[in-house]
Amino acid sequence: MIKFFLMVNKQGQTRLSKYYEHVEINKRTVLETEVIKSCLSRSNEQCSFIEFKDFKLIYRQYAALFIVVGVNDTENEMAIYEFIHNFVEVLDEYFSRVSELDIMFNLDKVHIILDEMVLNGCIVETNRARILAPLLILDKMSES
């Protein structure tokens with residue numbers, strides 16, 4: 001099960017955070033700082049899976065953005081690694097080559113995409129067309 005989902009830039013600034021288990025606000029800040037530090041300090045040659053406290057971190061870097069997913073010990077690391085890639089492909093399809101600025105200025109849409117893919121920490125959808133369908137309907141409604 002997914003515990004949290006983070007998007008972070010190379011400077012360590014959180015661009016998106018979504019928690020699927022309750023974590024107090026002050027503990028979130030400490031957790032994010034530790035997670036970001038452990039992921040950013042690793043080289044490209046090192047594995048993208050990290051044992052961290054009582055869970056595992058799976059991360060992937062895309063240009064200046066890191067996507068970090070915290071999961072419990074029973075979750076399949078490769079499935080989450082591919083889920084991260086699928087998420088970025090969906091963002092690329094919607095934003096036509098997604099960038100950090102797209103995420104910053106369209107955070108609500110990024111959350112909608114993530115919510116279509118993950119429900120209560122479980123991956124429920126991976127089909128790009130079905131993920132983007134509600135967002136495209138919202139876009140059409142806002143144009144009229």
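Conventions we followed
- Residues numbered from 1 in each chain as written.
- Predicted model: local features only at pLDDT ≥ 70, side-chain atom pairs only at ≥ 80, totals over all residues.
- Heavy atoms only, no water.
- Helix = DSSP H or I, 4+ residues; strand = E, 2+ residues; numbered from the N terminus.
- Rg over C-alpha atoms; globule rule 2.2 N^0.38 Å.
- Buried < 20%, exposed > 50% of the residue type's maximum accessible area, 1.4 Å probe, protein only.
- Contact = heavy atoms within 4.5 Å.
- Areas by Shrake-Rupley, 256 points an atom, 1.4 Å probe, with all protein chains shown as cover.
- Lys, Arg positive; Asp, Glu negative; His and termini not counted.
- Charge placed at Lys NZ, Arg CZ, Asp CG, Glu CD.
- Pairing = 2+ DSSP bridges.
- Expected span 1.5 Å × (residues − 1).
- Polar contact = N/O pair within 3.5 Å; in protein donor to acceptor, adjacent residues only side chain to side chain.

Student: Got a sec to walk through the overall build of the protein chain? Specific residues and values, please.
Tutor: What the protein chain contains, in helices and strands, is 5 helices and 7 strands. Counted from the first residue to the last, the protein chain has its helices and strands arranged as β-β-α-β-β-β-α-α-α-β-β-α. The globule rule puts the C-alpha radius of gyration for 144 residues at 15 Å, and the 15 Å found for the protein chain is close to it. Across its three principal directions, the C-alpha atoms of the protein chain cover 50 × 30 × 30 Å. Looking at the protein chain as a whole, 40% of its 144 residues are labelled buried. Counting only contacts in the protein chain whose residues sit at least 6 apart along the sequence, the fraction spanning at least 24 positions is 49%. If you sum the accessible surface of the protein chain, you get close to 8100 Å²; carbon and sulfur atoms cover 52% of it. With 16 positive and 22 negative side-chain charges, the protein chain shows a spacing of 3 Å between the two charge centroids.

Student: Can you break down unusual backbone geometry residue by residue, with the values?
Tutor: Most peptide bonds adopt trans geometry, and most residues besides glycine take a negative phi value. Non-glycine residue Lys53 carries a positive phi angle of around 50°. Here Lys53 lies in the loop between β3 (49-52) and β4 (55-62). With a phi close to 55°, Ala63 is a non-glycine residue in the positive phi region. On the secondary structure map, Ala63 appears in the loop between β4 and β5 (65-71). Residue classification places Ala63 among the exposed residues on the basis of a relative accessible area of 68%.

Student: Quick one: what's the story with the pairing of β4, residue by residue and with numbers?
Tutor: Where burial is concerned, most of β4 is hidden: 6 out of the 8 residues are buried. Pairing geometry for β3 and β4, over 4 bridges, is antiparallel. The partner of Ile50 across the bridge, within β4, is Leu57. Where β3 folds back onto β4 in an antiparallel hairpin, the turn is made up of 2 residues, including Lys53, whose phi is positive at roughly 50°.

Student: Let's hear about helix α2 (residues 77-95): which residues, and what values?
Tutor: Across its 19 residues, α2 extends 27 Å between first and last C-alpha, which sits within 8% of the 27 Å expected from 1.5 Å per residue. Within α2 the residues assigned to the buried category are Ile80, Tyr81, Phe83, Ile84, Asn86, Phe87, Val88, Val90, Leu91, Tyr94 and Phe95. The N-cap residue of α2 is Asn76: its side-chain oxygen and the backbone nitrogen of Met78 are 2.9 Å apart. Backbone geometry just downstream of α2 places Ser96 in the positive-phi region, at approximately 55°.

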